[in-house]
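# Structural overview
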Amino acid sequence: MNLMEIVKALPKTELHCHLDGSIRPETIFDIAEKENIEIPTKGLLEFEKCVKILGDCNSLKEYLDKFDLPIKVMQKHEHIYRITCELLEDLSKQNVRYIEIRFAPFFHTKQGMSAEEVIETVLKGMKDSKKKYGIMSNLIVCAMRHEGSETSKQLVEISKRYLNRGIVAVDLAGNEHDFPPELHKEAFDLANSYGFHCTIHAGETGIHENIIKSIELLHAERIGHGVYAFKDENTVKYLKDKKIPLEVCITSNVNTKAVKSYNEHPVKNYLNEGLVVTINTDNITVSNVSIIDEYNYLIEEQGFTLQDILKVIKNGIEASFASKEEKVILIKEYEDALRKLKLA
Ligand SMILES: [Zn+2]
């Protein structure tokens, strides 16, 4: 059995996946037609260019533009529900057994839905998909850097109703350059006081200082990306000493030019240094990648060994915000799979 067959056979987690970046292209196309949303092309094949990075991406702006249509089609209950269920169906087919879906609820209130209705729709899709496909999931709500502290606080207050009833954590996403972590300190103090886990996008686009700031000021227990930690020895040491997991998404980092190529990504060095690395997709559709593809890149371009693969998969379970009961199930499934594959 080769390494990729082992990857496929092992139960996996996905801890960093944006719902709006992970919609099936045919679903975006279908909803856009139904809702009379203008689309720049006629056929589905050509349409994929509008929502996926195919080949070279020239800028972060080009990457972010790919979210315009997804946000437009995610404004009604039935569409948000369908999109959630389809993502969970697609992941369960790749033997992902647990996912933390993340999204920014306020992006989906443009046609009259309240943030509560939006959240409840996604939670219903998650609950129904667990019954249908057996996949476990929790939700992370994203505060957006550019929207200001008051909006972030409002999001935390709304989410409080769903704490441990589907929502497990709060994230901070968006433009790192112009909006440093400290601007959202009050909101994350509040989230922490209510008992939310916190994970923050930091060090994705060059500013390594945001990594330690997010941990110290915003209570981050995990870091989204953290690509640029290598720029500063102290940051790497800090992550290692405090065992802060990194949510690594290599294809997204290649797309946004955070790294020049798969080969130059620091992920293997981080793993060798003893950092807690987890493997995730970020945006399945926009980055045109599956979780299986991500593992393939790690094996082909970074020289990941069987031991490395086993390590990052186990890290994914341990670093998740799953409940104790969910973790027990995940660990058992992982160990059962190892025995079946004669790896334990
Ligand atoms: Zn992200």
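Residues numbered from 1 in each chain as written. Predicted model: local features only at pLDDT ≥ 70, side-chain atom pairs only at ≥ 80, totals over all residues. Heavy atoms only, no water.

### Some words on the UniProt feature "binding site: substrate" (unreviewed entry) in the chain
The UniProt record marks His18, Asp20 and Gly174 with the feature "binding site: substrate" (unreviewed entry), using the residue numbering of this structure. Sequence-wise these annotated residues cover 157 residues; spatially they are packed, their C-alpha atoms never more than 13.7 Å apart. Lining residues of the largest pocket, restricted to the annotated ones just named, are His18, Asp20 and Gly174. Assignment of secondary structure puts Asp20 in the loop between strand S1 (12-18) and helix H2 (25-34). As for its position among the elements, Gly174 is in the loop between strand S4 (167-173) and helix H9 (185-194). (UniProt positions renumbered as here; feature names shortened; annotations may be inferred. 1 Å grid on protein atoms, 1.4 Å probe; cavity = no way out; pocket = protein on both sides within 12 Å on 5 of 7 lines; lining within 4 Å. Helix = DSSP H or I, 4+ residues; strand = E, 2+ residues; numbered from the N terminus.)

### Points about the sheet that holds strand S3 (residues 136-144)
Sheet architecture is open: eight strands sit in the order S1-S2-S3-S4-S5-S6-S7-S8, paired in parallel fashion. Each having just a single partner strand, S1 and strand S8 (277-279) make up the two edges of the open sheet. Within the sheet, the average angular offset between the axes of one strand and its neighbour, ignoring direction, is 25°. Across the sheet, helix H6 (residues 77-93) touches S1, strand S2 (96-103) and S3, and the angle it forms with S2 is around 145°. H9 contacts S4 and strand S5 (197-202) of the sheet and is inclined by roughly 165° relative to S4. (Pairing = 2+ DSSP bridges. Axes fitted to C-alpha atoms, helices over the stretch in contact; angles between N-to-C directions. Contact = heavy atoms within 4.5 Å.)

### Some words on the pairing of S1
In terms of residue burial, S1 counts as a mostly covered element, since seven of its seven residues are buried. Examined bridge by bridge, S1 and S2 share five bridges and lie parallel to one another. Bridging across to S2, Thr13 finds its partner in Tyr98. (Buried < 20%, exposed > 50% of the residue type's maximum accessible area, 1.4 Å probe, protein only.)

### Examining the layout of surface pockets
In this model, the largest pocket occupies a volume close to 730 Å³. Taken together, 30 residues form the lining of the largest pocket, with Leu64, Phe67, Met144, Ala173 and Gly174 sitting closest to its centre. Those elements that provide at least two residues to the lining of the largest pocket are helix H4 (60-65), helix H5 (68-73) and S3. Of the residues forming the lining of the largest pocket, the biggest block, four residues, is contributed by H4. Grouping the constituent residues of the lining of the largest pocket by class yields 11 nonpolar, 11 polar and eight charged. Lining the second largest pocket we find 20 residues, and of these Ser137, Asn138, Arg165, Gly166 and Glu326 sit closest to its centre. Going through the elements one at a time, helix H7 (115-133) and S3 are the ones with two or more residues in the lining of the second largest pocket. Broken down by element, the lining of the second largest pocket gets its largest block of residues, five residues, from H7. (Points joined across faces, edges and corners; volume = space filled by probe spheres on them. Nonpolar A, V, L, I, M, F, W, Y, C, P; charged D, E, K, R; others polar.)

### Concerning the coordination of the zinc ion
Distances from the zinc ion to its protein donors, His16 (NE2), His18 (NE2), His201 (NE2) and Asp282 (OD), fall within 2.1 to 2.4 Å. Coordination at the zinc ion is irregular: its four donor atoms span angles of 82 to 168° at the metal. We note that the donor set of the zinc ion lies within a single chain, spaced as H-x1-H-x182-H-x80-D. Each member of the pair, His16 as well as His18, carries the same accessibility label: buried. (Donors = N, O, S within 2.8 Å, 3.2 Å for Na, K, Ca; no water. Tetrahedral: all angles 85-135°; square planar, octahedral: opposite > 155°, others 65-115°.)

### Thoughts on the environment of Asp189
When you line up the elements, Asp189 lands in helix H9. Along the sequence, Asp189 and Leu218 sit 29 residues apart, while their C-alpha atoms lie 6.7 Å from each other. Apart from residues lying up to four places away in sequence, Asp189 is in contact with Leu217 and His219.

### Some points on the UniProt feature "binding site: Zn(2+)" (unreviewed entry) in the chain
When the UniProt feature table is mapped onto this chain, "binding site: Zn(2+)" (unreviewed entry) is found at His16, His18, His201 and Asp282. The greatest C-alpha distance among the annotated residues, which extend across 267 residues, is 12.1 Å, indicating that they converge on a single site. Of the annotated positions named here, the largest pocket is lined by His18, His201 and Asp282. Along the polypeptide, His18 turns up in strand S1. Setting aside anything within four residues of it in sequence, one finds His18 in contact with Arg102, Cys142, His201, Asp282 and Asn283. By the secondary structure assignment, Asp282 is in the loop between S8 and helix H14 (291-302). Setting aside anything within four residues of it in sequence, one finds Asp282 in contact with His16, Cys17, His18, Ser22, Tyr63, His201, Glu204, His225, Cys249 and Ser252.

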